[in-house]
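# What the coordinates show
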Amino acid sequence: MLQFPKVALIFMLMWVPITASALDFRSVSVPKAILYDAPSNSSKKVLLLSQFYPVEVVVNLGDWLKVRDAQGSMNWVEAKQLSTKRSVMVTKSLTEMRVRPEATADLVATLEKDVVLELMDVKANNGWLKVKHRDGVMGYVLVSSTWGFD
């Protein structure tokens, strides 16, 4: 009888991380963030990411974070180079930014692929995200046209 509670506890401990995990997106807070192949400044430098670029945190070691970029690459970055301020990246060419969260609303802008937008609201509105371009233009884009939103 003592084995059953141990097995149940092990099962519950294995299940909790799966059910409790949520996507953790952040953005680069410095002009250029250096990504490494291991969590150390002495490891190989792999990539530079520009300010506001969104990344998904996969592993958090405190001072170092393993992140996934929009292309799916996973590398390490110092936590101090990221911000909890959210941004998204346009993944489809000619993505339309609308004045309201609906397909029939007036067009504000047409965006190219890889444009980074500041996320103005962390909740989607019927599949639309409220965003702001670095030039100050605000509007709504479809979640399905972006990367960096859970």
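Look a little higher up for the structure.
Heads up: these notes are all about the structure in this document. (Residues numbered from 1 in each chain as written. Predicted model: local features only at pLDDT ≥ 70, side-chain atom pairs only at ≥ 80, totals over all residues. Heavy atoms only, no water.)

### Here's the deal with the packing of aromatic side chains
Under the defined criterion, the tally for this structure stands at two aromatic pairs. Arranged with centres 5.3 Å apart and planes meeting at 90°, the rings of Phe-25 and Trp-147 form a pair that is edge-to-face. Separated by 122 residues along the polypeptide, Phe-25 in strand β1 (residues 24-28) and Trp-147 in strand β14 (residues 146-147) bring together distant segments of the chain. We classify Phe-25 as buried; its relative accessible area is 6%. Measuring from centroid to centroid gives 5.5 Å for Tyr-36 and Trp-64, while their planes differ by 80°, and the two rings are edge-to-face. Taken together, the residues Tyr-36 in strand β2 (residues 32-36) and Trp-64 in strand β5 (residues 64-68) connect sequence positions 28 residues apart. Judged by its relative accessible area of 5%, Tyr-36 falls in the buried class. (Phe/Tyr/Trp six-rings, centres within 6.5 Å; stacked < 30°, edge-to-face > 60°. Helix = DSSP H or I, 4+ residues; strand = E, 2+ residues; numbered from the N terminus. Buried < 20%, exposed > 50% of the residue type's maximum accessible area, 1.4 Å probe, protein only.)

### Focus: the nonpolar core
Residues Leu-65, Val-67, Val-77 and Leu-82 are the most contacted members of the largest nonpolar core, which totals 13 residues. Listing elements by their share of this core, those giving two or more residues are β2, β4 (54-60) and β5. Apart from the residues lying within four places of it in its own chain, the contact partners of Val-67 are Leu-35, Val-55, Glu-56, Val-57, Val-58, Ser-73, Met-74, Asn-75, Val-77 and Leu-82. Among the nonpolar cores identified, the runner-up in size contains ten residues, and Val-90, Met-97, Leu-111 and Leu-117 belong to it. (Core = buried A, V, L, I, M, F, W, Y, C linked by side-chain atoms within 4.5 Å. Contact = heavy atoms within 4.5 Å.)

### Things to note about the pairing of strand β6 (residues 74-78)
Across the five residues of β6, four count as buried, placing the element largely inside the fold. Strand direction decides the pairing type here: β5 and β6, joined by five bridges, are antiparallel. Bridging across to β6, Val-67 finds its partner in Asn-75. Hairpin connection between β5 and β6: a loop of five residues separates the two successive antiparallel strands, and Gly-72 in this loop has a positive phi of roughly 95°. (Pairing = 2+ DSSP bridges.)

### Quick notes on the environment of Leu-35
Structurally, Leu-35 is set in strand β2. For Leu-35, a relative accessible area of 2% translates into the label buried. Once the C-alpha coordinates of Leu-35 and Leu-47 are considered, the two residues, twelve residues apart in sequence, prove to be 5.1 Å apart. If sequence neighbours within four positions are ignored, Leu-35 has contacts with Lys-44, Lys-45, Val-46, Leu-47, Leu-49, Val-67, Asn-75, Trp-76 and Val-77.

### What to know about the side chain of Ser-27
With respect to the secondary-structure elements, Ser-27 resides in strand β1. Here Ser-27 falls in the buried class, since its relative accessible area comes to 3%. Non-local contacts of Ser-27, meaning those with residues more than four positions away in its chain, are made with Phe-52, Tyr-53, Pro-54, Gln-81, Leu-82, Ser-83, Lys-85 and Ser-87.

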